[in-house]
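Residue-level structure breakdown
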Amino acid sequence: METAVDESIRKHVRVYVTVFIALMALTLITVTLSTLHLATPVAIVVALCIAGIKASLVAAYFMHLISEKKVIVAALTLTVVLFLVLMVLPVSHFADRGL
Amino acid sequence: MEIPYTVEPRPDTGLYNAKLGIWLFLASEVMLFGALFSSYVLLRVGATTWPHGYEHLNIPLATVNTVVLITSSVTMVMSWASLAMKNIRRYRLYMGATIALACVFLVIKGFEYAAKFEHGLYPSASTFMAIYFTLTGLHGLHIVGGVIVNSYLLGPGSRMWKTDPARFTNRVEVAGLYWHFVDLVWIFLFPVLYLL
Amino acid sequence: MGEFLGLPFDASASGPLIDRMIILVHWLMLVLFIGWGSYFVYVLFRFRKGRNASADYRGVRNHASSYIEGVVAVIEAVLLIGFAIPLWSMRVNDIPPEADATVVRIVAEQFAWNVHYPGPDGVFGKSDISLITPENPLGLDRNDPAAKDDIVTINQLNLPVGKPVIIHLSSKDVIHSLNLPLFRVKQDAIPGQSIRVWFTPTVTTADIQRVMARRFPVSSSHVPEELASLVTLADYTGKDGQVILAKGSSLTDDVLPALRDAGIAEVTVAPDTPTEIACAQLCGLGHFRMRGFITVQTPDEYRAWIADQELQNAQNAQ
Amino acid sequence: MSEAAPGAHGVVHTDQHAPQGFWRTYVFSQDHKTIGIQYAITALLFLLFGFTLMMIMRWQLAYPGQAIPFIGKLFGDSRAPEGIMLPEFYNQLGAMHGTIMVFLGVVPLAVGAFGNYVMPLQIGAPDMAFPKLNMMSYWIYFVGGVTMLSSFLMPGGAAASGWTSYAPLSVIATVGQTVWLFGMICLITSSLLGSVNFITTIFQLRAKGLSFMRLPFFVWAQLVTSFLLLLAFPPLEAAGVLQLMDRLAGTSFFMPSGLVVSGQALANTGGGNPLLWQHLFWFLAHPEVYVLILPAMGIVAEIIANNTRKPLWGYRSMVYATIFLGFMSFVVWAHHMFLTGMGTVISSFFQATTMIISIPSIIILTALFLSLWGGSIRFTTPMLFALAFLPMFGIGGLTGLPLGLAPADIHLHDTYYVIGHFHYVVAPGTLFALFAGLYYWFPKVTGRKMNDTLGKIHFWLSFAFINGVFMPMFIQGLAGVSRRLYDGGAMYSHAQGVMHLNVFMSVCAWCLGLAQIPFIVNFFWSIRKGKKVSDNYWDATTLDWAATTSPPMAHGNFSPLPEVYRGPYEYSVPGNGRDFLPQNTQAEVH
Ligand code: HEA
Ligand code: HEA
Ligand code: CUA
Ligand SMILES: [Cu+2]
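Residues numbered from 1 in each chain as written. Chains lettered and ligands numbered in written order. Predicted model: local features only at pLDDT ≥ 70, side-chain atom pairs only at ≥ 80, totals over all residues. Heavy atoms only, no water.

1. Structural notes on the overall build of chain D
To be explicit about the condition: In this text, helices come from DSSP runs of H or I with a minimum length of four residues, and strands from runs of E with a minimum of two, each type numbered from the N-terminal end. Put simply, the radius of gyration uses C-alpha atoms, and a globule should come to 2.2 Å times the residue count raised to 0.38. Remark: exposure states derive from per-residue accessible area (1.4 Å probe, protein chains only) relative to the maximum for the residue type, with buried under 20%, exposed over 50%, and partly exposed in between. Contacts: residue pairs with any heavy atoms within 4.5 Å of one another. Where accessible areas are quoted, they stem from the Shrake-Rupley method and a 1.4 Å probe; at the residue level, only the protein chains shown are allowed to cover. Charged-residue counts in this description rest on Lys and Arg as positive and Asp and Glu as negative, His and the chain ends being excluded. Charge positions are represented by NZ for Lys, CZ for Arg, CG for Asp and CD for Glu.
Counting secondary structure elements, chain D contains 15 helices and four strands. A globule of 590 residues ought to have a C-alpha radius of gyration of about 25 Å, and chain D, at 24 Å, matches this closely. Burial analysis of chain D (590 residues in total) assigns 72% to the buried set. Of the contacts formed within chain D by residues at least 6 apart in sequence, a portion of 78% connects residues at least 24 apart. Within the structure as shown, chain D displays about 17000 Å² of accessible surface, and the carbon and sulfur contribution to it stands at 69%. Looking at chain D, you have 26 positive and 22 negative side-chain charges, and the mean spots of the two groups are 7 Å apart.

2. With respect to the overall build of chain A
In terms of regular secondary structure, chain A is built from three helices and zero strands. Moving toward the C terminus, one meets the helices and strands of chain A in the order α-α-α. In terms of principal-axis extent, the alpha carbons of chain A reach across some 70 × 40 × 10 Å. Across the 99 residues that make up chain A, the buried fraction comes to 40%. Within the structure as shown, chain A displays about 5300 Å² of accessible surface, and the carbon and sulfur contribution to it stands at 77%. Within chain A, one finds 7 positive and 5 negative side-chain charges whose respective centroids are separated by 5 Å.

3. Points about the interface of chain C and chain D
What counts here: When two parts are brought into contact, each loses some accessible area as probed by a 1.4 Å sphere; the total of that loss over both is the buried area. A 3.5 Å cut-off defines polar contacts: any pair of N or O atoms within that distance qualifies, except that in protein one atom must be a possible hydrogen donor and the other a possible acceptor, and neighbouring residues in sequence count only when both atoms are side-chain atoms. Residue type decides the class: Asp, Glu, Lys and Arg count as charged, Ala, Val, Leu, Ile, Met, Phe, Trp, Tyr, Cys and Pro as nonpolar, and the leftover types, Gly among them, as polar.
At the interface, 86 residues of chain C touch 91 residues of chain D. Considering only the surface of chain C that becomes buried against chain D, Tyr 57, Trp 88 and Phe 288 of chain C emerge as the three largest contributors, covering 12% of it. For the pair chain C and chain D, the interface holds 29 residue pairs in polar contact (both at pLDDT 80 or more). At 15 residues, helix 2 (residues 15-46) of chain C tops the list of elements feeding residues into the side of chain C that touches chain D. Considered class by class, the residues forming the side of chain C that touches chain D number 52 nonpolar, 19 polar and 15 charged.

4. Section: the site of ligand 2
Residue and element names in this part refer to chain D. Note the cut-off: Being near a molecule or strand, for a residue, means having at least one of its heavy atoms within 4 Å of it.
By nearness alone, 35 residues border ligand 2, and Arg 58, Tyr 90, His 97, His 423 and Arg 484 come closest of all. At a separation of 2.8 Å, an oxygen atom of ligand 2 approaches a polar backbone atom of Trp 163. At eight residues, helix 13 (residues 416-446) tops the list of elements feeding residues into the shell around ligand 2.

5. So, the site of ligand 1
Taken together, 33 residues are adjacent to ligand 1, and Tyr 290, Asp 409, His 413, His 421 and Arg 483 of chain D come closest. Positioned at a junction of chains, ligand 1 has nearby residues supplied by chains C and D. One of the backbone N or O atoms of Leu 403 of chain D is found 3.3 Å from an oxygen atom in ligand 1. Between a nitrogen atom of ligand 1 and a side-chain N or O atom of His 421 of chain D, the distance comes to 2.9 Å. Among the secondary structure elements, those contributing two or more residues to the shell around ligand 1 are helix 2 of chain C together with helix 7 (274-308), helix 9 (344-371), helix 10 (381-398), helix 11 (400-404) and helix 13 of chain D. Broken down by element, the residue count for the shell around ligand 1 peaks at six residues, all from helix 9 of chain D. For the shell around ligand 1, the per-class residue count stands at 19 nonpolar, 12 polar and two charged.

6. Re the coordination of the iron atom of ligand 1
Selection rule: Water is absent from the atoms considered, so a metal site may look incomplete; donors are defined as N, O and S atoms within 2.8 Å of the metal, or 3.2 Å for Na, K and Ca.
Of all protein atoms, His 421 of chain D (NE2) alone acts as a donor to the iron atom of ligand 1, lying 2.2 Å away. Checked against the element boundaries, His 421 of chain D lands in helix 13.

7. Some remarks on helix 2 (residues 32-62) of chain D
Test applied: Each helix should span, by expectation, one fewer than its residue count multiplied by 1.5 Å.
With 31 residues, helix 2 of chain D extends 44 Å between its outermost C-alpha atoms, agreeing within 8% with the 45 Å of an ideal straight helix rising 1.5 Å per residue. The element helix 2 of chain D is largely enclosed, with a buried count of 25 among its 31 residues.

8. Notes on the coordination of the iron atom of ligand 2
Residue and element names in this part refer to chain D. Quick note on the threshold: Every geometry call rests on angle ranges, with four donors termed tetrahedral when all angles are between 85 and 135 degrees, four termed square planar and six termed octahedral when opposite donors are over 155 degrees apart and all others are between 65 and 115, and everything else termed irregular.
Coordination of the iron atom of ligand 2 by the protein involves His 97 (NE2) and His 423 (NE2), with metal-donor separations of 1.9 to 2.0 Å. For the iron atom of ligand 2, the six donor atoms in the first shell make angles of 88 to 178° at the metal, so the coordination geometry reads as octahedral. Taken together, the residues His 97 in helix 3 (residues 87-122) and His 423 in helix 13 connect sequence positions 326 residues apart. When its relative accessible area of 11% is taken as the criterion, His 97 is described as buried.

9. Examining the interface of chain D and chain B
The test is simple: By definition here, a salt bridge exists when the distance from a side-chain nitrogen of Lys or Arg to a carboxyl oxygen of Asp or Glu is within 4 Å.
The interface of chain D with chain B comprises 44 residues on the first partner and 33 residues on the second. Across the chain D/chain B interface, buried area totals approximately 3100 Å², and carbon plus sulfur atoms make up 73% of it. Of all residues in chain D, Gln 204, Phe 253 and Leu 276 of chain D give up the largest surface area on contact with chain B, accounting jointly for 19% of the area buried on that side. Remark: the boundary between chain D and chain B carries one salt bridge. Note that Asp 12 of chain B and Arg 206 of chain D form a salt bridge whose closest N and O atoms lie 3.7 Å from each other. Summed over the shared surface of chain D and chain B, the result is six residue pairs in polar contact (both at pLDDT 80 or more). Elements with a minimum of two residues in the side of chain D that touches chain B: helix 5 (176-204), helix 6 (217-249) and helix 7 of chain D. When residues in the side of chain D that touches chain B are grouped by element, the largest group, 11 residues, is from helix 6 of chain D.

10. Considerations on the environment of Ile 34 of chain C
Residues and elements named next belong to chain C. Of note, Ile 34 is situated in helix 2. Note on Ile 34: relative accessible area 49%, which makes it partly exposed. Put simply, Ile 34 and Pro 134 are 100 residues apart on the chain and 57 Å apart in space, counted from C-alpha to C-alpha.

11. Examining the packing of helix 1 (residues 17-46) of chain B against helix 5 of chain D
The criterion, for reference: Lines fitted to C-alpha atoms define the axes here, with helix axes fitted over just the stretch in contact, and angles between the N-to-C directions of these axes take values from 0 to 180 degrees. Reported orientations rely on four angle classes, namely roughly parallel under 35 degrees, roughly antiparallel over 145, roughly perpendicular from 65 to 115, and oblique for the rest. Should the near helix be turned anticlockwise from the far one by less than a right angle, the crossing is termed left-handed; should it be turned clockwise, right-handed.
Two elements in contact, helix 1 of chain B and helix 5 of chain D, have axes whose closest approach is 9 Å; the angle formed by their N-to-C orientations is 140°. Considering their axes alone, helix 1 of chain B and helix 5 of chain D lie oblique with respect to each other. As for the relative orientation of helix 1 of chain B and helix 5 of chain D, their crossing is right-handed in sense. Contacts from Asn 17, Leu 20, Gly 21, Leu 24, Phe 25 and Ser 28 of chain B of helix 1 of chain B reach helix 5 of chain D at Leu 192, Val 196, Ile 199, Thr 200, Phe 203 and Gln 204 of chain D. Among the residues forming the contact of helix 1 of chain B with helix 5 of chain D, the class breakdown is seven nonpolar, five polar and no charged.

12. Some thoughts on the packing of aromatic side chains
Under the convention used in this document: A pair of aromatic rings is counted whenever rings of Phe, Tyr or Trp (Trp by its six-membered ring) have centres within 6.5 Å, and the orientation is called stacked for planes under 30 degrees apart, edge-to-face for over 60 and tilted otherwise. Here, a charge over a ring means that NZ of Lys or CZ of Arg falls within 6 Å of the ring centre while also lying within 35 degrees of the ring normal.
Using the criterion set out here, one finds 78 aromatic pairs over all chains in the structure. Seen in terms of ring centroids, Trp 460 of chain D and Phe 463 of chain D are 6.3 Å apart; in terms of plane orientation they differ by 85°. Their pairing is edge-to-face. With Trp 460 of chain D and Phe 463 of chain D both in helix 14 (residues 452-478) and three residues apart, the pair spans about one turn of that helix. Classification of Phe 463 of chain D by relative accessible area gives partly exposed; the value is 24%. Counting every residue linked through ring pairs, the aromatic cluster contains Phe 385, Phe 432, Phe 435, Tyr 439, Phe 442, Phe 459, Trp 460, Phe 463, Phe 519, Phe 523 and Phe 524 of chain D. Across the ring face of Phe 47 of chain C, the terminal group of Arg 46 of chain C is positioned such that the distance to the ring centre comes to 4.6 Å. Arg 578 of chain D extends its terminal NZ or CZ atom over the ring of Phe 580 of chain D, reaching a point 4.5 Å from the ring centre.

13. Side note on the sheet that holds strand 13 (residues 266-271) of chain C
Residues and elements named next belong to chain C. Using the following cut-off: In this analysis, strands are considered paired if DSSP registers two or more bridges between them.
With antiparallel pairing, three strands are arranged side by side in an open sheet as 9-13-10. In this open sheet, the two edge strands, each paired with only one partner strand, are strand 9 (214-217) and strand 10 (230-232). Adjacent strand axes in the sheet meet at a mean angle of 45°, parallel and antiparallel pairs treated alike. Of the pairings in the sheet, the one linking strand 10 to strand 13 comprises three bridges and is antiparallel in character. Bridge pairing links Leu 230 to Pro 271 in strand 13.

14. A look at the arrangement of the chains
Pairwise contact counts over the five pairs of chains in contact peak for chains C and D. The two partners chain B and chain C share no contact, and the minimum distance between any of their C-alpha atoms is 11 Å.

15. Digging into the pairing of strand 2 (residues 112-117) of chain C
Residues and elements named next belong to chain C. Within strand 2, six of the six residues are buried, leaving the element largely enclosed by the surrounding structure. Here strand 2 shows two buried faces, one formed by Ala 112, Asn 114 and His 116 and the other by Trp 113, Val 115 and Tyr 117. Relative to strand 2, strand 1 (residues 102-109) runs antiparallel, the two being bridged by five bridges. Counterpart to Val 107 in the pairing with strand 2 is Asn 114. Two strands pair when backbone bridges link them, and strand 2 and strand 3 (residues 151-154) are joined in this way by four bridges, in the antiparallel orientation. Across the sheet, Tyr 117 pairs through a bridge with Ile 151, a residue of strand 3.

Right, dumping it as structure tokens:
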């Protein structure tokens, strides 16, 4: 029993190291891409995609979200939806102001 | 009467109290930073001109800081894993590293701020500077909070390892969740402020 | 229903449409209120403990309420899609061409309304905040050729009747709200933005005054309070030809005997300035007195007013 | 109130805590009941204070420019020279009335007090999940409240830009606004900690057998409310930080370029947007209004079930409606901003969501109305307040509809119609529900009941006068009278026809104040002298009534923890001897 736990933790540790390497690589990529001075819209999409991937890695593996309980996943889903509402707030502001 | 489920998970939710609590708190943090990001977008879209981050900010320093913070996230999760493997010494090592890295982050941030101030770039200089200082400042405060909590868990708080190891491990896990979140915010701040 | 709700006089073309919207919703509200209210009173009476000693575990068994809810939802949808959205779209999108309209700029400030007419050339002169002085609250650059004929007034908006008005609304300092209650127009004035509002005045201010006039029998000894703010629309003269109560003054208790002596039986009084600009957004300590005036005139009167303003401009320039 | 020391009422403690000192027991207590009582007392005092501010304002509205009698001279020359209120002071009173009533009065009473005291009992929990955090919530609230009050003493006085604090007015305001912002940040923090605690408690500490569909409706209301607080408050906190930066660090988040204030160009960089504040403010403040109403609905539901002696009709639909309402409340915020220059597409969206959100309210209200049918209605004091809630909320809610339709809002926006609308929901609505709750749970807290005669006097007088204050507001609003006017509109000719109502409304407001005397007397008298009653005075079914009366002031509400066998409102179950079946009785019904 004891060793089973240890074994699973060790497996975790291996995952952490892999994720760490991935995060470093992605950081390198996003910084390098930024030196290319891509057109702003492209740059935004690319940078946010990379950040999104990095953030998902952190959340999924470091924060164990990938194996987290239903309650938490549900609460976070709600939060993400409302976060998206916040993100469209500027859209709702500029969309069709009859200026 | 003791409060149940402080250590062992409640069967139907599968969670101990603090775990749910910290996730809810993080949900509110998502909305806090979400609102600030949303303000950033609204101001940027509405602005006639907006500087590229690299024109004003120091990308190499920020890249180093990104590396530092990501590393501290790894050491944080390793400190928890060490506890889960009942190795308090290794826990101390990793936790100490986490705190040290956080301090490195703050010091580098301090240099960055100082350089800006030297050039007369205060928050009032432009909307870009305003949002830069507000976002990084608030993030910095979160780091400071994390350092305080982690130092407690490294120092006086670790006495609990003797009396109630399971609960202590939970505490470290919860502190870790917070710490990863602070890292996660930076992962977005970095490109948004510096690279775009 | 409109009467019952006490909506103010309608002085613009879109006013009745807005009133209709308000009235329609209030019908819905009234029906719901009376319906549920009667049910409520009945139930309290019918199922009080004294009459119904033991309760029924299940209570209502049918699903009539679901239908009522459905009907309310449908009515709300009809109000929204059939009336509210088209009307809003008409108010904010169907702005008439500027060529066919009276175009003015209004810049709100603590605590006044600066009105800016482009003058005969139809072009607003440039303005610059560095030129702002107490005499030149808009910072209008009088050296700009387009500004030469511009007319600037404070708290006074003259408009010709029957022609659409387009207002470019903005603010110098904080948020204000241009409120023209009789025209059913309200629009926030937001610093940093210029927002267009439009409406078509349909009645002149003088006509509104006549409609709102109240007759007061001189035989009473006391002028009631609600008449105190009203003014006469004409001179009242005594037998000797002397003016007892001049046009535009308000009635007071002490002139009543003189009026009686002059054999005048009734005095007609009306609001002095029925068409006003009010500020509807808290803007500081003077919010309550940020009052302007609108004078809707016949086209001829309006032209005369413009000409008069031009004359004054020319005099000031010398 | 604090008579119930540990061990009183002969309760036997299985887990007796070591006796704790005065400070730990009564001041820095971690017990949810003590904290609930602390919240209740503090919030009631704030309510009284907020109301007093309004009673002073109503003098100026009724008799503009006349010296305030008796107390006028006390305010000093900077507020009311010769006892005549200055416009600045009027604006301070208005902003502080709104802020205090909403953030320091009603929410702390509805959530902090009732939620804290009743919710853990109703779910059969020994305490809140995080007792220390609970204590911190209260104290941070307290500090926030004191900060708010202290702003009256600042140079230039308290915040005066309305409870909405619209920028740029609030950014160029005097230092009182900074204090307001610090106070708000405390209150927000307190609410966030509180809501984390509430949600965790409800998910984690429910008694055995207490599934979600067996939760009393009050608990559901608290749960949804907590989610609203948790997720809607942070954007206001963000906005508060930005406004603080604008005020203290010279940034221009809410300040566009080219501002000229009293003839002077402002020395700010510009580039900000004043409407950003409004978006963030209303992103909180619309959910906030449902924070004001949901706990009230929860209280009313409990009391109606108990006093009709039958189950709530449509419990499930009420629960689903509440969840839906909570969710929708995040997507209607811009209906407060129709007149900021919105085009057709976006305004249509927000009008539609506003109409949609009225449906769940209608469902909840309908369920409560239908619950009365077939009941055996007892007109107890709490029931009177709960019943009055229904039509009063009805009026408030129905008058929300014209405001939600943008073209009608053109005429009604920022008039007294809006003031009437929301006061009907918060004052004779929520406030009445809170009174109902106070009368209802008083026996649980003190072991004594409040006097019925005084209670009924309190009810009927309050009912009459509160309508006298708010009903004429609709008339004034329809006539087009703006709100927040120092002289109540006396300057404007369009307001002349309805100005005379001001005196009537003010007199009603002052009488409403007097009508609270029976309540205050009753409240304090009953704590010491009220009639002693049994544990389950109202013959109720929920677990709060299974706990011993005045549950001891230490951790531990039940010994042992209860187990639940049935739904929350099993009243008048056919075949059962008594007309109520508590959730924790095992007895089978045939
Ligand atoms: C508890 C608080 C609360 C509640 C519940 C509501 C509920 C609603 N509110 Fe209100 N509102 C406020 C508090 C509240 N509001 C406040 C404080 C403001 C002003 C803020 C400020 O500017 O300072 C405001 C302002 C406000 C505005 C902005 C007005 C303006 O500034 O121009 C709007 C516009 O859409 C609106 C709409 C609504 C709607 C559609 C509902 C709906 O949810 C209502 C749904 C309910 C019903 C439809 C009732 C159903 C009842 C029956 C069917 C039964 C009837 C039976 C009998 C009467 C016997 N509200
Ligand atoms: C929850 C919110 C709430 C509540 C309950 C109230 C309650 C009341 N409000 Fe207020 N009000 C607001 C929120 C609220 N208000 C807001 C947000 C504004 C807008 C502010 C702005 O413009 O920015 C406003 C504005 C406002 C105005 C408009 C001012 C203006 O525009 O210039 C008026 C005018 O009459 C008014 C009146 C009243 C009255 C008479 C009550 C009465 O109903 C009060 C009744 C109170 C009691 C009956 C007290 C009960 C307490 C006790 C009995 C204590 C007992 C104590 C112990 C036992 C210890 N309010
Ligand atoms: Cu300008 Cu109010
Ligand atoms: Cu709202």
